[in-house]
Amino acid sequence: MIDLAVLEQYFPEPNKPIKDGPYTFTIYLDQNTEEEIFVINLKIKQDDTKENHLIKFRLGLGKDTKSESIIHETNKPHFEIDIYKRKKDSFSANIYFTFNEASDEQLMKYAKGTVFIINKIIEIFIKDHNLAKKLIEKLIYEDAVLLELSSFEPVLIEALYECYKKSDLVVRQDGKVIIIKTEHNLDKYLNTKDLEPLYLPLLKKIKDDSEKII
């Protein structure tokens, strides 16, 4: 079982909602060692102003108790993304990368990679939505993350790529379960501005490996 306490040092106030303008940011760190469950994720929620650009999303690493879910095995470690965007045509999806075989040592590396990705997503989100840069300081210790955790980003991307290759990447949308096996579907569900720090390196990994095969 991994110990998320070692990651608390990268967050000024985990589990506390931080609001800036219409956006509320929350970074969750929680675990139950007896039941061997844990979660580390970022949630960004925009106030519902009834306009067409409402944004809500959550992403991170976790392991739940066993359930009867037909989408993925919740008691296995997984990287999960829940995204909702209201435009002219609303878009909502739940995306799961399931790690079927991962040691505690590997999971800790994935967790550190997750913190690095969370940092990048916060940075880009703040820039793209014209929020004050000082907001980053309230959410995450950026300098420490960049210095100490950058080497774990490719480890996480490699693991997510393996999920893609092995059909352990699934999407739930409108009650349907879709296995993501093509770049087209990957683009459809992950290619949004807010998720670029995750999507772009994963896409590059897929393309690089495809070129090697050719």
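## Here's the deal with the packing of aromatic side chains
1) Next: Tallying each qualifying case throughout the model produces six aromatic pairs.
2) Next: Relative to F125, the ring of Y23 has its centre 5.1 Å away and its plane inclined at 90°; by these criteria the two rings are edge-to-face. With Y23 in strand β2 (residues 23-32) and F125 in helix α1 (residues 104-128), this pair connects stretches of sequence that are 102 residues apart.
3) Next: With a relative accessible area of 7%, Y23 lands in the buried category.
4) Next: Summarising the aromatic geometry, the rings of F99 and Y110 are spaced 4.9 Å apart at their centres and angled 40° between planes, so their arrangement reads as tilted. Here F99 is found in the loop between β6 (91-98) and α1, whereas its partner Y110 is found in helix α1, with eleven residues between them in sequence.
5) Next: By way of ring pairs, the aromatic residues Y23, F25, F57 and F125 are connected into one cluster.
6) Next: Stacked on the ring of Y84, the Lys or Arg K56 has its end atom at 5.2 Å from the ring centre.

## Re the nonpolar core
1) Next: One finds F79, I81, F97 and L186 to be the most contacted residues of the largest nonpolar core, which totals 65 residues.
2) Next: No other element matches α1, which puts twelve residues into this core.
3) Next: Residues within four places of F79 in sequence aside, it is in contact with L59, G60, L61, I95, Y96, F97, F99, T114, L156, L160 and L198.

## A word on the pairing of β2
1) Next: Relative to β2, strand β1 (residues 18-20) runs antiparallel, the two being bridged by three bridges. Bridge pairing in β2 places K19 opposite T24.
2) Next: Taking the residues between adjacent antiparallel strands as the criterion, β1 and β2 are bridged by two residues, where G21 takes a positive phi near 60°.
3) Next: In the sheet, β2 pairs with strand β3 (residues 37-46) via ten bridges, with the strands oriented antiparallel. Paired with N32 across the two strands is I37, which belongs to β3.
4) Next: The loop that links β2 with its antiparallel partner β3 comprises four residues; one of these, E36, has a positive phi angle of about 55°.

Thresholds, definitions, all that
- Numbers given for residues are sequential positions, taken from 1 along each chain in its written order.
- Restriction of local features to residues with pLDDT of at least 70 applies here, the model being predicted, together with a cutoff of 80 or more for giving and counting side-chain atom pairs; totals for whole chains, interfaces and linings are based on all residues.
- With hydrogens and water stripped out, all remaining heavy atoms of the structure feed into the side-chain values.
- When two rings of Phe, Tyr or Trp (its six-membered ring) have centres within 6.5 Å they constitute a pair, described as stacked for plane angles under 30 degrees, edge-to-face for angles over 60, and tilted for the intermediate range.
- The helix and strand labels rest on DSSP assignments: H or I over at least four residues marks a helix, E over at least two residues marks a strand, and numbering proceeds from the N terminus.
- Only protein chains enter the accessibility calculation, which uses a 1.4 Å probe; a residue whose area is less than 20% of its type maximum is buried, one above 50% is exposed, and one in between is partly exposed.
- Lysine NZ or arginine CZ positioned within 6 Å of the ring centre and within 35 degrees of the ring normal marks a charge as sitting over the ring.
- Throughout this description, the term nonpolar core refers to a set of buried Ala, Val, Leu, Ile, Met, Phe, Trp, Tyr and Cys residues connected via side-chain atoms within 4.5 Å.
- Only heavy atoms enter the contact rule, under which two residues are in contact if any of them lie within 4.5 Å.
- We call two strands paired when DSSP finds no fewer than two bridges between them.

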